[in-house]
Amino acid sequence: MSKKYVCEPFRIKMVEPLPILSREERLTNIKIAKYNLFNLHSTDVTIDLLTDSGTNAMSDAQWAGVMIADESYAGAKSYYHLTQNAKDIFGYEFIQPVHQGRAAEKVLLPILLGPKKYAIANTFFDTTRAHVELTGARCIDCIVPEALEISTFAPFKGNMDLEKLEETILTLKPENIGLITMTITNNSCGGQPVSMENMRQTSEIAHRYHIPLMIDAARYAENAYFVQQREPEWKSASIRTIVKTMFSYADVFTMSAKKDAIVNMGGLIGIKNDANLYQKLMVNTISYEGYITYGGMSGRDLEALAIGLKEGLQQEFLEYRIGQVEYLASRLDEANIPYQKPAGGHGVFIDAKALLPHIPANQFPAQALAIELYIEAGIRSCDVGSLLLGNDPDTKEQLVAPFEFTRLAIPRRVYTQSHLDVIVDALIEIKNRRDSIRGYKIVKEAPVLRHFTIELEPIA
Ligand code: F0G
């Protein structure tokens, strides 16, 4: 039996029609798009699960905030509204708005890293990895082994492997490690959460070796909800308390606010108390993003974010949000469709390696499945596997990812139960004809973040 769907804690007062296309039209579109789903026009997509980033529906309160926002170049009241709310939530002294998550990375990471340095994470998200490498430093992932056992439930598959972390620090020497990063939730391994205890211990190790700890906070509210549900000590704590405690273990954070802060554009950098670091950060912000009181955002973006930060932490919202993803996962269970178990916070990550075992990693099974989902029902998803991982920055060889996931990312407050049912029905159809699905080869690729612009061709 599938899980009971958690009723939306809102009603809908504005609607946007969905494009409905024929199978022939979809076959033509995906060919023209060179089998890269980023190249599709959104008017050719029926259900868009490409990302949960910036695709959220804002509330009436946020839209009202847009109208009363302050567009002053310097000292806008919307800036003070936003930074005050963020300081209250995270307990950090310095908050800098930027236009999105990778802007936060671009502004902050060159201050902390450089050539011959290393950065270690539970798992780096691709833009974070790119910005670490752009400073000349190198990335090392230390994910817990249970994350690799895709079909087995574990409560905190996003955790840092603490033994491997310490071993890596000692092997490479603490003075060469510029940064330790905790991505919450851990997007690349399936939207999996990090426990409070793991964060505490990671912080303990980082600080023992005098290495700063950064939180990549894109989905920090979903992570807090999982801590509340799965870590017994935190069962009766409020989401706000969990968030504040979690952030107290780190020194800095970068945040793509386009996820858990339920806006369409925005980002934040937080510095707990290092005034010296904040001075350097302001210099980079002004060069790359804009003056510090707007940081690459319009006043209305700042205002919507100030409000969205609070809405994203509401208990009843998170219950609905995670409940929706769990409902989708429970229907996949009924259909025996493999995915990273348990479901992540922001979506379900289908195990394309298990579903399409005849397609090897270098022919991109997760991309092949994403293409089939579009052809089958106009659903846009994305590859989180070897196609996304790309080539080794030194040898230029194709890397083999530990997972071949097709990610179904669920935008916040956008789709309903019946949309989720359409997705499952399409996957069942694909599963029934899976033996006929082919892999893909690369025709054209860029040196960094290639998946956005890659061109592919089906293998005959
Ligand atoms: N960190 C994480 C964990 C992310 O998931 C993302 C974006 C970023 C940083 C960068 O933020 O897009 O605002 O510049 N993830 C999106 C996704 C794109 O689809 O998962 P950004």
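Just so you know, these numbers come straight off a predicted model, no measurement behind them.

Caption draft 1: Highlighting the overall build of the chain. Scanning the chain for helices and strands turns up 16 helices and 14 strands. For 460 residues, the compact-globule estimate of 2.2 N^0.38 gives 23 Å, and the chain sits close to it at 21 Å. Along the first, second and third principal axes, the C-alpha set of the chain runs to 60 × 55 × 45 Å. For the chain, the proportion of contacts with a sequence separation of at least 24, taken over those separated by at least 6, is 73%. By element, 54% of the accessible surface of the chain is carried by carbon and sulfur atoms, the whole surface being about 18600 Å². Computing the positive centroid from 48 side-chain charges and the negative centroid from 56, the chain places the two 2 Å apart.

Caption draft 2: Region of interest: the sheet that holds strand S12 (residues 405-409). Reading across from one edge, S9-S12-S11 is the order of the three strands in this open sheet, with antiparallel pairing throughout. On the outer flanks of this sheet lie strand S9 (347-351) and strand S11 (382-384), each paired with one strand and no other. Ignoring strand direction, the axes of neighbouring strands in this sheet form an average angle of 35°. Where helix H12 (residues 315-334) meets the sheet, it contacts S9 and S12, and its direction lies at approximately 25° from that of S9.

Caption draft 3: Spatial organisation of helix H11 (residues 299-311). Over its 13 residues, H11 extends 19 Å from the first C-alpha to the last, a length consistent with the 18 Å expected when each residue adds 1.5 Å. Every buried residue of H11 is accounted for by Gly299, Leu302, Glu303, Ala304, Leu305, Ala306, Ile307, Gly308, Leu309 and Glu311.

Caption draft 4: Expanded view of the packing of aromatic side chains. Counted according to the given criterion, the structure contains 18 aromatic pairs. Pairing Phe90 with Phe253 gives two aromatic rings, centres 4.8 Å apart and planes at 50°, and the pair type is tilted. Of this pair, Phe90 sits in helix H3 (residues 77-90) while Phe253 sits in strand S7 (residues 252-256); the two residues are 163 residues apart in sequence, bridging distant segments of the chain. Phe90 sits in the buried class, given a relative accessible area of 1%. Grouping aromatic residues by their ring pairs yields a cluster made of Phe90, Tyr92, Tyr220, Phe247 and Phe253.

Caption draft 5: Summary view of the nonpolar core. Core analysis: the largest hydrophobic core is formed by 139 residues, its most contacted members being Phe90, Tyr220, Phe247, Phe253, Leu309 and Ile350. A domain split of this core shows at least three residues from each of domain 1 (23-52 + 314-458) and domain 2 (60-311). For Phe90, the contacting residues outside a window of four places in its chain are Tyr220, Val243, Lys244, Phe247, Phe253, Met255 and Leu309.

Caption draft 6: Here's a closer look at the site of the ligand. In the vicinity of the ligand there are 17 residues, among which Thr51, Arg102, Ser256, Lys259 and Arg407 approach most closely. Between Asp216 and the ligand, the recorded distance is 2.8 Å, taken from a side-chain N or O atom to a nitrogen atom. Arg407 places a side-chain nitrogen or oxygen 2.7 Å from an oxygen atom of the ligand. When the ligand is considered free in solution it has 470 Å² of accessible area, and contact with the protein chains removes 94% of it. By residue number, the principal contributor to the shell around the ligand is helix H4 (residues 101-112), which donates three residues. By residue class, the composition of the shell around the ligand is two nonpolar, eight polar and seven charged.

Caption draft 7: Structural view of the pairing of S7. The element S7 is largely enclosed, with a buried count of five among its five residues. Residue alternation in S7 divides its side chains into two sets, Val252, Thr254 and Ser256 and Phe253 and Met255, and both sets are buried. Pairing geometry for strand S6 (residues 213-216) and S7, over three bridges, is parallel. The residue of S7 that forms the bridge with Met214 is Val252. Direction of pairing for S7 relative to strand S8 (residues 267-271): antiparallel, over a ladder of five bridges. When the sheet's bridge partners are listed, Ser256 is paired in S8 with Gly267.

Conventions and cut-offs
- Residues numbered from 1 in each chain as written.
- Predicted model: local features only at pLDDT ≥ 70, side-chain atom pairs only at ≥ 80, totals over all residues.
- Heavy atoms only, no water.
- Helix = DSSP H or I, 4+ residues; strand = E, 2+ residues; numbered from the N terminus.
- Rg over C-alpha atoms; globule rule 2.2 N^0.38 Å.
- Contact = heavy atoms within 4.5 Å.
- Areas by Shrake-Rupley, 256 points an atom, 1.4 Å probe, with all protein chains shown as cover.
- Lys, Arg positive; Asp, Glu negative; His and termini not counted.
- Charge placed at Lys NZ, Arg CZ, Asp CG, Glu CD.
- Pairing = 2+ DSSP bridges.
- Axes fitted to C-alpha atoms, helices over the stretch in contact; angles between N-to-C directions.
- Expected span 1.5 Å × (residues − 1).
- Buried < 20%, exposed > 50% of the residue type's maximum accessible area, 1.4 Å probe, protein only.
- Phe/Tyr/Trp six-rings, centres within 6.5 Å; stacked < 30°, edge-to-face > 60°.
- Core = buried A, V, L, I, M, F, W, Y, C linked by side-chain atoms within 4.5 Å.
- Domains from an automatic or database assignment.
- Near = heavy atom within 4 Å.
- Polar contact = N/O pair within 3.5 Å; in protein donor to acceptor, adjacent residues only side chain to side chain.
- Nonpolar A, V, L, I, M, F, W, Y, C, P; charged D, E, K, R; others polar.

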